[in-house]
Amino acid sequence: MSNLARKHWRSFKWAAWLGWEMDSNWTEPWLFMVYSVIKPIAGAFILVLMYSVFALIGQFTDPDLFSYIYVGNAFFIFVGNTLFGTFQVIQSDREWYQTLRYTYISPISYYTYIVGRAASKVAVATLAVVITLAFGALALGVRFEVSLVQVPMFLAALVLGLFCLISIGICLAGISFMTAKHTHGLAEGIPGIFYVFCGVLFPLTALPGWAQSFGRGIPLTYWFDLTRRLILPSNTINSGLGFFSDIEILALLLASSLIFFLLSLGIFKLGEYMARKAGKIDMTTSY
Amino acid sequence: MSAPTATSRIPHRLKLNLQAIVGRAYPRIVGANREPSWIFFEAILPLLGIAAYVFIYKALGERALLGVSDPTEIARIRASTNSLIATVVLGGTMVAFWLNVLWSMASQLYWEKEIGNLQLYMMAPMSRMALLGGMAIGGMFMTSVRAITTLVVGVVVFSVVLQVSNPLLLIGVFFVTLIALYGMGMMLASLYLLWGREAFNLSALLEEPIFFSSGFYFPVGGFAKFGTIGGAMLAFATAIPATLGLDAMRQIIVPGGPVLPIPIPWGPGTFLTADLEFGILIVLAVVFLFLARQTLAYLEKLARREGRLTSRHQ
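Calculation criteria
- Residues numbered from 1 in each chain as written.
- Chains lettered and ligands numbered in written order.
- Predicted model: local features only at pLDDT ≥ 70, side-chain atom pairs only at ≥ 80, totals over all residues.
- Helix = DSSP H or I, 4+ residues; strand = E, 2+ residues; numbered from the N terminus.
- Buried ≥ 20, exposed ≤ 12 C-beta atoms within 10 Å, placed from the backbone.
- Contact = placed C-beta atoms within 7 Å.
- Rg over C-alpha atoms; globule rule 2.2 N^0.38 Å.
- Nonpolar A, V, L, I, M, F, W, Y, C, P; charged D, E, K, R; others polar.
- Core = buried A, V, L, I, M, F, W, Y, C linked by C-beta atoms within 7 Å.
- Axes fitted to C-alpha atoms, helices over the stretch in contact; angles between N-to-C directions.
- Parallel < 35°, antiparallel > 145°, perpendicular 65-115°, else oblique.
- Left-handed = near helix turned anticlockwise from the far one by under 90°.
- Expected span 1.5 Å × (residues − 1).
- Bend = angle between axes of the 7 residues up to and from the residue.
- pLDDT = per-residue confidence, 0-100.

Trainee: Lay out the overall build of chain B in plain terms, naming residues and giving numbers.
Mentor: Within chain B one finds 13 helices and zero strands. Listing every helix and strand of chain B by position from the N terminus yields α-α-α-α-α-α-α-α-α-α-α-α-α. In chain B, which comprises 314 residues, the share counted as buried stands at 45%. In chain B, the share of contacts with a sequence separation of at least 24, taken over all contacts with a separation of at least 6, comes to 84%.

Next up, the structure:
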């Protein structure tokens, strides 16, 4: 391993450990695990009840659409956790713990440090996703269909999806170098955009034309679609991306992930430079 | 000149406490609206969450219409879809109040402790209830401005049809729900003071589960269709003012009569009407305000005794 790689690995490893400690040390491990899965499960229950209520009032059932909604919502857990895990780091270290100046001047890559801090949230999200999917299969009758041949593609899509999410999170972290209090607004707003425009809970075709075009410009749309194709049985839902093959979607995901990675490097460096120039790098505003 | 008695000091104390209420409400009424970025972050962005749920019902409605040619059936499905979309818009608007109760009421004394203001409040010659009351009034006003903006934009954007059948009752239910909710927030504020760092996590934990149990995005009466577990969930949910408030408001403003109202277990075929829910909400408001006063006094004493009143990062 080269010195540079070793330096990045060390930064990542200790940042991940720090992130885990900060997230979980307020309580017992079992309580933390319960806490970590209750939120997403409750989120899934909202959708279950929405579907059930519609089925009751509308006298209509559609297991295909229910599975579509359920799986989309389960994988969306990654979005909220990963994005929040990355771009809240600067705000919390700067304003809350007031440790940013010490971490920043230490001999680490600050970019890698942020990725490491997000790692614990990604790990917890993974657990929540697995539990949500298992609950869907065992208690709600969501039918999965995964062939062994498709597992590598599923894993590749998962890695690329998370890579893309972390890159987007770093872009936002770069912006948060310059903002005072808007982290929470962004934390809700950006995932909200993905929630609506990426075909997470409903097919892209339910949106107006302009919104469908916007959704097709977001890489996560392809990730959600490909994930559903790989783990759900074929169905009659028109996702609006049917003209792409699985490989084409994976290629699109790869290309857009790389673009977002490069963007994250640029935006992070720019935000960092501007914050240093304006003297805001360790500014506390009491927000 | 005679020495002041407890009775003669009442006007002075009243004035001081009113000043405390105004002083604590001021930053939330004036300060919070001074920076216009709230319009985007707190009125427009919440529409995204609402939009996602609206489109779920729209997608379900469109799928239900596939292959249906009977005009009566089409009208029925469209009416059901519209009433559920109206439910989402109303619930999505009320989410702002619940979040405000959690993050700006319940967690507030904890935040104040962390940034060092709490000791100043404790030393000031005012009732702690005046402090919490000021926070609540300011929070209600601030959030109402945001929620009404969200509601108006939501109704326009999603072409929601609303029909106010009883405006006076609607206003009454709305305000009593807010008083009960903020009373609950005042009670939680003192508990959070004791729980320290767990406060943040508890507030985070009380978001989705309460959106679910209180039926922010679906008629809560739907629980009744899930047997004993659903009934138990419904019983728990009715202790949260948002549940009854939302259900009553839905009954008043969503056209086409009550959609899955909350059934009364001992009266087959009967359900909680908006009037009845209004009455229960008044009781809840009084109970929560009383409990807030009691817990605040008790937990303040406990926190002082254990030396946790001003200790940060615990």
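Trainee: Could you give me a rundown of the overall build of chain A, with the residues and numbers involved?
Mentor: The helix and strand tally for chain A stands at 11 helices and zero strands. Shown N-terminal to C-terminal, the secondary structure of chain A runs as helices and strands in the order α-α-α-α-α-α-α-α-α-α-α. Here chain A has a C-alpha radius of gyration of 20 Å; the compact-globule value for 287 residues is 19 Å, and the two agree. Over its C-alpha atoms, taken along the principal directions, chain A stretches across nearly 60 × 40 × 40 Å. Put simply, chain A has 287 residues, and 43% of those count as buried. For chain A, restricting intrachain contacts to residue pairs at least 6 apart in sequence, the fraction spanning at least 24 positions comes to 86%.

Trainee: How would you explain the interface of chain B and chain A if you had to name every residue and give the values?
Mentor: Between chain B and chain A, the contact holds 35 residues from the first and 35 residues from the second. Only helix 3 (46–65), helix 4 (71–106), helix 9 (198–205) and helix 10 (208–213) of chain B provide two or more residues apiece to the side of chain B that touches chain A. A per-element tally of the side of chain B that touches chain A places helix 3 of chain B first, with 14 residues. By residue class, the composition of the side of chain B that touches chain A is 24 nonpolar, four polar and seven charged.

Trainee: Report on the nonpolar core, specifying residues and quantitative values.
Mentor: In this structure, Met-50 and Ile-69 of chain A together with Ile-56 of chain B are the most contacted members of the largest nonpolar core, which totals 164 residues. Of the residues forming this core, the biggest block, 17 residues, is contributed by helix 4 of chain B. Phe-223, Leu-234, Ala-237 and Leu-272 of chain B belong to the second-largest nonpolar core, a separate cluster that totals six residues.

Trainee: Tell me about the packing of helix 7 (residues 128–157) of chain B against helix 13 (residues 274–305) of chain B, residues and numbers included.
Mentor: Residue and element names in this part refer to chain B. At their nearest, the axes of helix 7 and helix 13 sit 10 Å apart, and the two run at 125 degrees to each other. As summarised for this structure, helix 7 and helix 13 are arranged oblique, according to the angle between their axes. Judged by the twist between their axes, the crossing of helix 7 over helix 13 is right-handed. On helix 13, the residues touching Arg-128, Met-129 and Leu-132 of helix 7 are Ala-292, Arg-293, Leu-296 and Glu-300. Split by residue class, the contact of helix 7 with helix 13 holds four nonpolar, no polar and three charged.

Trainee: So what's going on with the packing of helix 4 of chain B against helix 12 (residues 241–253) of chain B? Which residues, and what values?
Mentor: All names here are of chain B. For the pair helix 4 and helix 12, the least separation of the axes is 11 Å and the interaxial angle reads 145 degrees. For helix 4 against helix 12, the interelement crossing comes out right-handed. Taken together, the residues of helix 12 that come into contact with helix 4 (itself represented by Thr-87, Leu-90, Gly-91, Met-94 and Trp-98) are Ala-242, Leu-246, Met-249 and Arg-250. Residues of the contact of helix 4 with helix 12, tallied by class, amount to six nonpolar, two polar and one charged.

Trainee: For helix 5 (residues 108–115) of chain B, give the residues involved together with the corresponding values.
Mentor: Given 3.6 residues per turn, any residue in an α-helix points the same way as the ones three and four places further on. Residue and element names in this part refer to chain B. What helix 5 keeps buried is the set Gln-108, Leu-109, Tyr-110 and Lys-113. Tucked inside the fold, the buried residues of helix 5 contact helix 4, helix 6 (118–123), helix 7, helix 8 (167–195) and helix 9. Phi turns positive one or two residues past the end of helix 5, at Gly-116, with a value near 90 degrees.

Trainee: So what's going on with unusual backbone geometry? Which residues, and what values?
Mentor: As a rule of thumb, non-glycine residues mostly have phi less than zero, and peptide bonds are mostly trans rather than cis. All names here are of chain A. Not every positive phi belongs to a glycine, and Gln-98 is a case in point at roughly 55 degrees. Relative to the helices and strands, Gln-98 resides in the loop between helix 4 (89–96) and helix 5 (100–105). Residue Gln-98 is classed as exposed on the basis of its C-beta count, with 12 C-beta atoms lying within 10 Å.

Trainee: Give me the lowdown on the environment of Arg-6 of chain A, citing residues and values where you can.
Mentor: You can see Arg-6 of chain A is positioned in helix 1 (residues 3–24). Each C-alpha atom, one on Arg-6 of chain A and one on Thr-236 of chain A, is 49 Å from the other, the two residues being 230 residues apart in sequence.

Trainee: Go over helix 3 (residues 63–87) of chain A with me, naming the residues and quoting the values.
Mentor: Over its 25 residues, helix 3 of chain A extends 37 Å from the first C-alpha to the last, a length consistent with the 36 Å expected when each residue adds 1.5 Å. Where helix 3 of chain A bends most, the angle comes to about 25 degrees, and this point is Phe-75 of chain A.

Trainee: Any chance you could break down the confidence of the model for chain A for me, citing the residues and the numbers?
Mentor: When pLDDT drops low, the exact placement of atoms in the prediction is not to be read closely. The predicted model of chain A averages 90 in pLDDT, with 98% of residues at 70 or higher. Within chain A, helix 8 (residues 183–197) of chain A has the poorest average pLDDT of any element, 82, and helix 10 (residues 219–231) of chain A the best, 95.

Trainee: Break down the environment of Ile-282 of chain B for me, citing the residues and quoting the values.
Mentor: With respect to the helices and strands, the residue Ile-282 of chain B is situated in helix 13. For Ile-282 of chain B, a count of 15 C-beta atoms within 10 Å gives the class partly exposed.

Trainee: I'd like to hear about the environment of Ala-134 of chain A, residue by residue, with values.
Mentor: Residue and element names in this part refer to chain A. For Ala-134, the position within the fold is in helix 6 (residues 110–139). You can call Ala-134 partly exposed: it has 13 C-beta atoms within 10 Å. Along the sequence, Ala-134 and Phe-144 sit 10 residues apart, while their C-alpha atoms lie 10.0 Å from each other.

Trainee: I'd like a description of the confidence of the model for chain B, backed by residues and values.
Mentor: The predicted model of chain B averages 87 in pLDDT, with 97% of residues at 70 or higher. Across the interface, the model reports ipTM at 0.87; the global pTM reads 0.87.

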